[in-house]
Amino acid sequence: MRHIHQIAMTVLVAGAATVLQSCGSSRAEEEEHKNAAAETNAHVVDAFPLKKEQLATNIQIPGELIAFQQVDIYAKVSSFVKKLHVDVGSEVREGQLLATMEAPELTSQLVTSESRLKSFEAIYQASKANYERLLETSKTPGTVSQNDLDVALAKQRSDLAQLDAARSASREITDTRNYLEIRAPFSGVISARNVSTGAYVGPSGKGSELPLFTLVEQRKLRLVVSVPEQYTSYLKSQSQVTFKVKSLPNQDFPAKVSRLAGALDARLRSQRTEMDVVNTDRKLLPGMIAEVSIPLAGNAGTFAVPRSAVLNSTQGTFVIKVVDNRAVWVPVTTGSSSTEKTEIFGDVKEGDVLVKVANEEIRDNSDLKHVKQTAI
């Protein structure tokens, strides 16, 4: 019995060993298959066929809002401020009286000129009457010599010339006196006032270092942008743009290109571009800094590829083209870019297969055994 029991145990042990060996072989084969599949997936290169595409994107450029019209108002003649009719923030209309000045010497000059004008009018009337009487009398032969008639005519013309000169002098003083009333040259808002009643004012540099008022037009503004040279071709007259300001970050404002400088600034190498902005609600203020969004419509005949397909190395900028399952580095230059794609220019054509994720591990002229083409 003991011998039979030993034989049975031997058989059981041998069977268990066989089963364990079989299980171990199955697991090893499974691990080998998994490793092979992982290695294959690791060497799969995603690629895509190249095709022409129009890339549309925007660039953000800082700009400045300025008043459509702005003027510093000075006194034309040296005088004293008699009365101010407006203050900072006053909205005025064109021709509205802003300030009244006084200059007593101008009043005296005006009275003197009017007296002289009346005197010369009287002298002219007398010489004119004298000439007309002599002319009437000369119709009777032998009564008045021709010389006396010529002298009377010359006297009349001389008195008329002096009368015209007196009228001109009086008109000049009257016009100068009218400058004592300061009026608005256009409709707008008074943004600064630098004088008070009783102050002595005059032309710039002669009694007034600062202007009486600064008048700005707010209902229409200019958006001024310096557009870099590389983007000047994207903006033309009447092109539409949008912009934002810091005080209203969630609101986009439209603007239209109205004026182009037509030349680049020698220092900045940019073109001054102005857009007219309607501001009837006066939400925007002159002096605000704006962030201008300029649309860049790409050329329909260019190639736009994923940004990951462009390799920037120490040797230059390349894309990796798949040719007969081999990697070929093709030098390119880039154009406009969006968040996902960028334009490329180089020795590429429609239908070329490019690597989707280019990196330096894929060496030039290396073998690509597993290439998987997908659309972009």
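In this report, we go over the structure that sits alongside the text. Keep in mind the model is a prediction, meaning the values are calculated, not measured.

1. A closer look at the nonpolar core
Here is step 1 of the chain: Of all hydrophobic cores here, the largest spans 22 residues; its most connected members are Leu65, Leu223, Phe243, Leu284 and Ile294.
Here is step 2 of the chain: Of all the secondary-structure elements, those providing two or more residues to this core are strand S2 (56–67), strand S11 (220–228), strand S12 (240–245), strand S13 (248–264), strand S14 (270–278) and strand S15 (289–297).
Here is step 3 of the chain: Formed by 21 residues, the second largest nonpolar core is a distinct cluster that contains Ala75, Leu180, Ile182 and Leu215.

2. Re the packing of helix H2 (residues 104–137) against helix H3 (residues 146–178)
Here is step 1 of the chain: Where H2 contacts H3, the axes come no closer than 8 Å and their chain directions differ by 160°. In this view, H2 runs roughly antiparallel relative to H3, as classed from their interaxial angle. Along this stretch, H2 crosses H3, giving a crossing that reads as left-handed.
Here is step 2 of the chain: Residue composition of the contact of H2 with H3, by class: 16 nonpolar, 10 polar and 8 charged.

3. Considerations on the environment of Ile190
Here is step 1 of the chain: Note that Ile190 resides in strand S8 (residues 188–193).
Here is step 2 of the chain: In this structure Ile190 comes out as buried when scored by relative accessible area, which is 1%.
Here is step 3 of the chain: Taking the C-alpha atoms as reference points, Ile190 and Gln70, separated by 120 residues in sequence, lie 9.9 Å from one another.
Here is step 4 of the chain: Filtering out sequence-adjacent residues up to four positions away, Ile190 remains in contact with Val86, Asp87, Val88, Gly89, Ser90, Val92, Phe213, Thr214 and Leu215.

4. Brief notes about H3
Side chains three or four residues apart in an α-helix point the same way, a direct result of the helix having 3.6 residues per turn.
Here is step 1 of the chain: Here H3 contains 33 residues, and its C-alpha end-to-end distance of 48 Å stays within 8% of the 48 Å for a straight helix at 1.5 Å per residue.
Here is step 2 of the chain: Turning to H3, its buried residues are Leu149, Ala152, Gln156, Asp159, Leu163, Ala166, Ser170 and Ile173.
Here is step 3 of the chain: Buried residues along H3 sit in contact with H2.

What counts, and where the lines are drawn
- Residues numbered from 1 in each chain as written.
- Predicted model: local features only at pLDDT ≥ 70, side-chain atom pairs only at ≥ 80, totals over all residues.
- Heavy atoms only, no water.
- Core = buried A, V, L, I, M, F, W, Y, C linked by side-chain atoms within 4.5 Å.
- Buried < 20%, exposed > 50% of the residue type's maximum accessible area, 1.4 Å probe, protein only.
- Helix = DSSP H or I, 4+ residues; strand = E, 2+ residues; numbered from the N terminus.
- Axes fitted to C-alpha atoms, helices over the stretch in contact; angles between N-to-C directions.
- Parallel < 35°, antiparallel > 145°, perpendicular 65-115°, else oblique.
- Left-handed = near helix turned anticlockwise from the far one by under 90°.
- Nonpolar A, V, L, I, M, F, W, Y, C, P; charged D, E, K, R; others polar.
- Contact = heavy atoms within 4.5 Å.
- Expected span 1.5 Å × (residues − 1).

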